[in-house]
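Analysis of the macromolecular model
The residues making up each chain are set out below.
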Amino acid sequence: MRLRLTPRDTTFFDLFAASAQHLVTGANLLAEMLGADRSGRKDIAKRMSDAEHAADDSTHEIMRRLNQTFVTPFDRDDIYNLASALDDCMDYMEEVADLVVLYRIEALPPRVADQIQVLQRAAELTAEAMPRLRSMESLPEYWVEVNRLENQADKAHRKLLAQLFDDVKDPIELMKLKEIVEKLEDAADAFERVANTVETIAVKES
């Protein structure tokens, strides 16, 4: 590790860990939505909205702290990029839950479960990785696994799209489901951006 001659504000590590925990909540709420009826989905979407607001608060606190801190634990741009990437993960998941309710989806395709399982695992790995930013230890396993998961999500996404075009005859319903599937893919991509940002930070700090 590089020798530092000035003190660092370590609050950022706690803030990133808190932000990542919201992602675990969000991914688990999406999993709940799979087996819920329409009324149950409304409740889940409300809880997802609350989780998204809490995640926003975490992001705002990181940004506020960044503007007030002279010596940061690592590059200021990387702190901003990591906070933004974490926020994007939650935003996409919240959008999925909102669209399912707004579009009054009767039944989600079974393969959606594959996408959501990837998001749950990526969220868990991200939450486990954030505290390790303090020491920069055991992080390569994290970003390698998230990249693998994103590749898995890509395959699930392509198979799901093919299934939708084969099975869904109503063009309006097809458009609705396709948008939801695309947002799930956006969420997987966002988790990969978090992992890539962590890798960039670790390389700079090595």
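Residues numbered from 1 in each chain as written. Predicted model: local features only at pLDDT ≥ 70, side-chain atom pairs only at ≥ 80, totals over all residues. Heavy atoms only, no water.

1. A few points about the pattern of salt bridges
Under the criterion given, the structure shown has 12 salt bridges. Across the pair Asp14 and Arg134 runs a salt bridge whose closest N-O atoms are separated by 2.7 Å. Taken together, the positions of Asp14 in helix α1 (residues 11-34) and Arg134 in the loop between α4 (112-129) and α5 (140-167) put the pair 120 residues apart, joining distant regions of the chain. The class of Asp14 is partly exposed, set by a relative accessible area of 47%. Between Lys46 and Asp50 there is a salt bridge; the shortest N-O distance is 3.0 Å. (Salt bridge = Lys/Arg side-chain N within 4 Å of Asp/Glu carboxyl O. Helix = DSSP H or I, 4+ residues; strand = E, 2+ residues; numbered from the N terminus. Buried < 20%, exposed > 50% of the residue type's maximum accessible area, 1.4 Å probe, protein only.)

2. Focus: the packing of α4 against α5
It is at 9 Å that the axes of α4 and α5 come closest, and there the two elements cross at 165°. Relative to α5, the element α4 is oriented roughly antiparallel. The chirality of how α4 crosses α5 is left-handed. Across from Val112, Asp114, Gln115, Val118, Arg121, Ala122, Leu125, Thr126 and Ala129 in α4, the residues of α5 making contact are Tyr142, Glu145, Val146, Leu149, Gln152, Ala153, Ala156, His157 and Leu160. For the contact of α4 with α5, a count of residues per class yields 11 nonpolar, four polar and three charged. (Axes fitted to C-alpha atoms, helices over the stretch in contact; angles between N-to-C directions. Parallel < 35°, antiparallel > 145°, perpendicular 65-115°, else oblique. Left-handed = near helix turned anticlockwise from the far one by under 90°. Contact = heavy atoms within 4.5 Å. Nonpolar A, V, L, I, M, F, W, Y, C, P; charged D, E, K, R; others polar.)

3. Quick notes on unusual backbone geometry
Unusually for a residue other than glycine, Met136 sits at a positive phi of about 60°. You can see Met136 is positioned in the loop between α4 and α5. Here Met136 falls in the buried class, since its relative accessible area comes to 15%.

4. Some details on the packing of aromatic side chains
This structure, assessed with the given rule, holds two aromatic pairs. Between Phe13 and Phe74, the ring centres sit 6.3 Å apart and the planes meet at 55°, which makes this aromatic pair tilted. Placement of Phe13 in helix α1 and of Phe74 in the loop between α2 (38-68) and α3 (76-102) is noted, with a sequence separation of 61 residues between them. Here Phe13 matches Phe74 in class, with each residue buried. Plain terms: the ring middles of Phe16 and Phe74 are 6.4 Å apart, the flat faces sit at 15° to each other, and that makes the pair stacked. With Phe16 in helix α1 and Phe74 in the loop between α2 and α3, this residue pair connects regions lying 58 residues apart in the sequence. (Phe/Tyr/Trp six-rings, centres within 6.5 Å; stacked < 30°, edge-to-face > 60°.)

5. Thoughts on the environment of Ala127
As for its placement among the helices and strands, Ala127 is situated in helix α4. Each C-alpha atom of the pair Ala127 and Phe16 lies 8.7 Å from the other, and the pair is 111 residues apart in sequence. If near-sequence neighbours (up to four positions away) are discounted, Ala127 is found in contact with Ala20, Gln21 and Val24.

6. Considering α4
The end-to-end C-alpha distance of α4, which contains 18 residues, comes to 26 Å, matching closely the 26 Å that a straight helix rising 1.5 Å per residue would cover. What α4 keeps buried is the set Val112, Gln115, Ile116, Val118, Leu119, Ala122, Ala123, Leu125, Thr126, Ala127 and Ala129. Residues of α4 that are buried make contact with α1, α3, α5 and α6 (171-205). (Expected span 1.5 Å × (residues − 1).)

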